[in-house]
Amino acid sequence: MTHEMLKHAILEKVRNFYCIGFDKDGFTFDERGYQLHVIDAARAEAWIKNNNQKFDASAAWLVRMEAITVEQAKRLQDIYDHRHELTHDLMSFIVDPDRNLDTQMFVDAVKILRDVHRFWVGVERDIGMFEHLGDVSLDDITPASLALLQQCINAYIEDPQNQEA
């Protein structure tokens with residue numbers, strides 16, 4: 001679920017940033033601007049080797065926009081690899097007592113997701129989406145899905161002895 005949320009917040013939202021309107025077929029995009037500022041810039045900075053690496057190019061764009069750090073962008077590949085391992089080799093995690101989930105990977109994924117959402121909220125604030133709410137800080141707005149993920153982390157890492165009623 002976290003991986004899908006990252007894909008949406010990174011890949012789809014960067015693409016949608018270049019939306020310039022819509023017509024009878026749906027949304028229209030500034031294809032030239034997207035190619036230049038996302039794909040070509042990522043290739044020039046050696047983030048990607050070909051046009052098919054749009055997720056990595058989008059992560060690089062977010063680094064340039066100072067939404068996430070270089071380290072976070074690089075960590076996304078580790079997160080993806082672990083997610084792939086979990087989904088395609090789940091049975092080994094169930095039957096092998098020495099095989100453990102990397103909970104730090106989940107914590108890192110949620111932190112990156114929080115930073116990316118914070119960036120997009122900043123973009124929305126800057127274009128006036130929250131004017132009706134008055135003076136709002138970026139930390140005042142948290143998507144419900146992100147709050148739910150944070151609760152999952154908190155529930156998992158809390159010491160069971162601290163949950164006594």
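Above this text sits the structure in question.
Residues numbered from 1 in each chain as written. Predicted model: local features only at pLDDT ≥ 70, side-chain atom pairs only at ≥ 80, totals over all residues. Heavy atoms only, no water.

1. Re the packing of aromatic side chains
Here comes step 1: Summed over all chains, the structure comprises eight aromatic pairs.
Here comes step 2: On the basis of an interplanar angle of 50° and a centroid distance of 6.1 Å, the ring pair of Phe 17 and Trp 120 is categorised as tilted. In this pair, Phe 17 is assigned in helix α1 (residues 2–17) and Trp 120 in helix α6 (residues 103–126), connecting sequence segments 103 residues apart.
Here comes step 3: Judged by its relative accessible area of 6%, Trp 120 is buried.
Here comes step 4: Between Tyr 18 and Trp 61, the aromatic rings sit 6.3 Å apart at their centres with planes inclined by 70°, giving edge-to-face as the arrangement. (Phe/Tyr/Trp six-rings, centres within 6.5 Å; stacked < 30°, edge-to-face > 60°. Helix = DSSP H or I, 4+ residues; strand = E, 2+ residues; numbered from the N terminus. Buried < 20%, exposed > 50% of the residue type's maximum accessible area, 1.4 Å probe, protein only.)

2. Observations concerning the pairing of strand β1 (residues 19–23)
Here comes step 1: Across four bridges, the pairing between β1 and strand β2 (residues 26–29) is antiparallel. If you follow Asp 23 over to β2, its bridge partner there is Gly 26.
Here comes step 2: What sits between the antiparallel neighbours β1 and β2 is a turn of two residues. (Pairing = 2+ DSSP bridges.)

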